[in-house]
Structure formats: C-alpha cells, structure tokens
Amino acid sequence: MKTFHFITVNYFSAPYIEKLIDSLQSLASDRYRITVVNNSPADVGVAALLHKYPELTVIEAGGNLGFGGGCNLGIAAVYQQDPEALIWLINPDATLAPNAIDYVDQCLIHHPSLAILGTRIRDGEGQVWFHRGTFNPWLGCIDYYPGQPEIAADRPTVVPCRWVTGCSMILNLSQFDHCPGFDSAYFLYYEDNDFCERYFRQGYRIGVTQSVLVTHAVSSISSRNKAAKYQHQTYSRLRFLSLYGTKFALGLNLAAILGLIAFSLLRDRDRATGRWQGLRQFIQGVAHNKSEHSHGSKLNPQS
C-alpha cells in the first residue's frame, strides 16, 4: 500500500499544526509522512514542533510564497522521491477523522484513475462547509454547496466534481505524467480552482468523497488581515475568470465588485480598501500583459 505524504503550509500557525499532527497520530494507520513548508522563517513555533515531532520534514521557503507557492515546494520534493506517491494537501487549521486514510484508500481502490480527490469538510461548529465544487464559465459562478447533509453510504463513495478545495486535496501522482503544480501568480484564494480547472480541461478525473473526513477552522488564518484577505480574494477571482470564464462573466464580476466597493465604503473600510487594491492589481496586470504583447509584436512583426 502506498504512503500518504501530508503537506501543510505554515504561516505563523504552529499551534494549529500541532493539533493537525495530533489528529494524524490518532489515525489507525502509520502509512503517512508529514511535511511542513515554512512560509514564515521568523516563526519560532516551527522549531518547537520539530522538537516535539522529530519525524517531521520541514522545508524552508525563505519567505511567504503564498499557499500555492508553498505547496509547490512540498509537491516537488515528494515527486522527486516518488513520482507515484499519494500527496494529501491539508490546511494547518484542519484535523482529520479517524477513518480518513482507510476511507481514501478504498476510494482509490474503486476509482484508480482519479487524479485529484477532495474530501467533504465540516466547520468548527459541525456544519458541512464544503460539499463539491462547480463552475459555470458563462456566468462566472464558482460554488461549493455548503450546508449539505452527510449521506450514509454502504461503502466509501466518490462523487465527480469540477473542483475541490485545497484545504483537503489528495493528488494521485501515478495519474500524472509530470509534477503537478499551482499557478504561482495566485498568492491566496482560487489557486485550487485554477489547479483543478486546468487539469479538468486536460481530461484528468476529479472527485470528492461522500463522507466528511476533515474538520476545518474556517478562515482562522486568512482573516487576520482583512484588507489583505479581500485584496487577494478579489485579484485571484478576476484572474481565474479572465483565464477560464467568458468575457460576459468577467464583466459581470467586475461590475459586482465595483458595487461591493461602493456599498462597503461607509460600512467596512478595510473590506472596501482590500477589494479596490485587488481590482487595481488585476487591471495593472492586464495592462502590463497588453504592453508586453504589443512590444513583442513590434519586435516580431508577422508577414
């Protein structure tokens, strides 16, 4: 049986990672290894984790690379060791159910061609937070159907879907002919949507477990800086829609964001500021790309 390589990205979240490791150690399995990609070199909590859990592998990022950039370091390290391994990307503020590894094992036995497998996730209050991801490129709707009740099944069951959250994402490397990776242009938010959509369009199979296997303390880390959160969220959503949505979907979302900025100016200035900065970042990126394209066309005229 294959070993599960759990990869989590640390950004001043050592206390959460300790709870995550404890939940892994309570599993009825020893077929796992844990890698922490450290995006916060100044976090002394990582040294304390290594002291308590000497079996940990820590990869120093040298700075904050964002979620996708941090994951890429971990994925590349595992792929170099074993290009057919199972990688389980897991948020530091998440914990696993006792049957998680056995359940995923059975899912992959019954569906060996799955390349990307997500899990249903509950929040800290016991409500289902992530059910399955869908994407409508015509309208730009990106949904994950929270609040769905858990349905009992006779055996581990997988439901096909368009995308799964990076909070809990299993990569079956044996189904890839290369080392998969996130687009590093996304610092935070929608990098999992981009990852899945890119591989979905290439014909890779994506599914999500029917049972809830992970509990997630929703937004416990990303909400520390509200303005930064909404900047990354706004920019990343617009980038994703510019790549995979229709022009109508992008225009609709641009209009909606402008309306949200105006609405929240007097009610929540941090939120309005963050959204405005994200919108400006996206527009500047589009202008830069057009400028590069135009400059390249002048240097390389087509006959």
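Overview of the structure. (Residues numbered from 1 in each chain as written. Predicted model: local features only at pLDDT ≥ 70, side-chain atom pairs only at ≥ 80, totals over all residues. Heavy atoms only, no water.)

### Structural notes on unusual backbone geometry
Next up, step 1: Look at Tyr189: it is not a glycine, yet its phi comes out positive at around 75 degrees.
Next up, step 2: Relative to the assigned elements, Tyr189 resides in the loop between strand S11 (168-172) and helix H5 (191-201).
Next up, step 3: In this structure, Tyr190 is a non-glycine residue whose phi angle is positive, near 65 degrees.
Next up, step 4: Inspection of the secondary structure assignment puts Tyr190 in the loop between S11 and H5. (Helix = DSSP H or I, 4+ residues; strand = E, 2+ residues; numbered from the N terminus.)

### Notes on the environment of Arg237
Next up, step 1: Its place among the elements puts Arg237 in helix H6 (residues 226-244).
Next up, step 2: Discounting residues that sit within four places of it in the chain, Arg237 has contacts with Gly140, Ile142, Tyr190 and Asn253.
Next up, step 3: Within the structure, Arg237 has its side chain in polar contact with the backbone oxygen of Gly140 (distance 3.0 Å). (Contact = heavy atoms within 4.5 Å. Polar contact = N/O pair within 3.5 Å; in protein donor to acceptor, adjacent residues only side chain to side chain.)

### Re the packing of helix H1 (residues 14-25) against helix H2 (residues 45-52)
Next up, step 1: With their axes 9 Å apart at the nearest point, H1 and H2 run at an angle of 25 degrees to one another. The orientation of H1 relative to H2 falls into the category roughly parallel. Of the two elements, H1 crosses H2, and the hand of that crossing is right-handed. Across the interface between the two elements, Ala14, Ile17 and Glu18 from H1 touch Gly45, Val46, Leu49 and Lys52 from H2.
Next up, step 2: Looking at the contact of H1 with H2 residue by residue, the classes come out as 4 nonpolar, 1 polar and 2 charged. (Axes fitted to C-alpha atoms, helices over the stretch in contact; angles between N-to-C directions. Parallel < 35°, antiparallel > 145°, perpendicular 65-115°, else oblique. Left-handed = near helix turned anticlockwise from the far one by under 90°. Nonpolar A, V, L, I, M, F, W, Y, C, P; charged D, E, K, R; others polar.)

### Observations concerning the pairing of strand S1 (residues 4-10)
A regular strand places its side chains so that they alternate between the two faces of the sheet.
Next up, step 1: Along S1, 7 of the 7 residues are buried, which leaves the element largely enclosed by surrounding structure.
Next up, step 2: In this sheet, strand S2 (residues 32-38) lies alongside S1 in parallel orientation, the contact comprising 7 bridges. By the bridge assignment for S2, Phe4 is matched with Tyr32. (Buried < 20%, exposed > 50% of the residue type's maximum accessible area, 1.4 Å probe, protein only. Pairing = 2+ DSSP bridges.)

### Overview of the nonpolar core
Next up, step 1: Of all hydrophobic cores here, the largest spans 77 residues; its most connected members are Trp88 and Ile116.
Next up, step 2: The residues touching Ile116, leaving out its near neighbours within four places in the chain, are Val164, Met169, Ile170, Leu171, Phe176, Phe195, Cys196, Tyr199, Arg205, Ile206 and Gly207. (Core = buried A, V, L, I, M, F, W, Y, C linked by side-chain atoms within 4.5 Å.)

### Describing a nonpolar patch on the surface
Next up, step 1: The grouping of Trp138, Leu139, Phe248 and Leu252 at the surface amounts to a nonpolar patch, some 460 Å² of accessible area in total.
Next up, step 2: Checked against the element boundaries, Trp138 lands in the loop between strand S8 (134-136) and strand S9 (141-143).
Next up, step 3: Residue classification places Trp138 among the exposed residues on the basis of a relative accessible area of 63%. (Patch = residues over 30% accessible without salt bridge, like charges linked within 9 Å, V, L, I, M, F, W, Y side chains within 5 Å. Areas by Shrake-Rupley, 256 points an atom, 1.4 Å probe, with all protein chains shown as cover. Salt bridge = Lys/Arg side-chain N within 4 Å of Asp/Glu carboxyl O.)

### Some thoughts on the pairing of S2
Next up, step 1: Taken across its 7 residues, S2 has 6 buried, putting it largely inside the fold.
Next up, step 2: Examined bridge by bridge, S2 and strand S3 (residues 57-60) share 4 bridges and lie parallel to one another. From the neighbouring strand, Val36 faces S3, where its bridge partner is Val58.
Next up, step 3: Regarding topology, H2 serves as the crossover connection from S2 to the parallel S3, and that connection is right-handed. (Right-handed = clockwise from strand over helix to strand, strands pointing away.)

### Details of the packing of aromatic side chains
Next up, step 1: According to the stated counting rule, one finds 16 aromatic pairs in the structure shown.
Next up, step 2: Taken together, a centroid distance of 5.0 Å and an interplanar angle of 25 degrees make the contact between Phe6 and Trp88 stacked. Taken together, the residues span a long stretch of sequence, with Phe6 in strand S1 and Trp88 in strand S4 (residues 86-90) at a distance of 82 residues. The pair formed by Phe6 and Trp88 is uniform in burial state, with each residue classed as buried.
Next up, step 3: Aromatic ring contacts, followed pair by pair, group Phe67, Phe176, Phe182, Phe195, Tyr199 and Tyr204 into a single cluster. (Phe/Tyr/Trp six-rings, centres within 6.5 Å; stacked < 30°, edge-to-face > 60°.)

### Section: the side chain of Thr209
Next up, step 1: With respect to the secondary-structure elements, Thr209 resides in strand S12 (residues 205-216).
Next up, step 2: Of note is the side chain of Thr209, whose polar atom sits 3.2 Å from the backbone nitrogen of Arg120.
Next up, step 3: The contacts of Thr209, once residues within four sequence positions are left out, are Tyr103, Cys107, Leu117, Gly118, Thr119, Arg120 and Thr157.

### Topic: the pattern of salt bridges
Next up, step 1: Under the counting rule described, the total for this entry stands at 8 salt bridges.
Next up, step 2: Measuring nitrogen to oxygen at the nearest pair gives 2.6 Å for the salt bridge that ties Arg31 to Asp105. With Arg31 in the loop between H1 and S2 and Asp105 in helix H4 (residues 100-110), this pair connects stretches of sequence that are 74 residues apart.
Next up, step 3: Owing to a relative accessible area of 9%, Asp105 belongs among the buried residues under this scheme.
Next up, step 4: Salt-bridge contacts for Arg162 lead to Glu197; the nearest nitrogen and oxygen are separated by 2.9 Å. Taken together, the residues Arg162 in the loop between strand S10 (158-160) and S11 and Glu197 in helix H5 connect sequence positions 35 residues apart.
Next up, step 5: Each of Arg162, Glu197 and Arg201 takes part in salt bridges that share partners, so that together they form one network.

Limitation: the analysis is restricted to geometry and does not speak to function.
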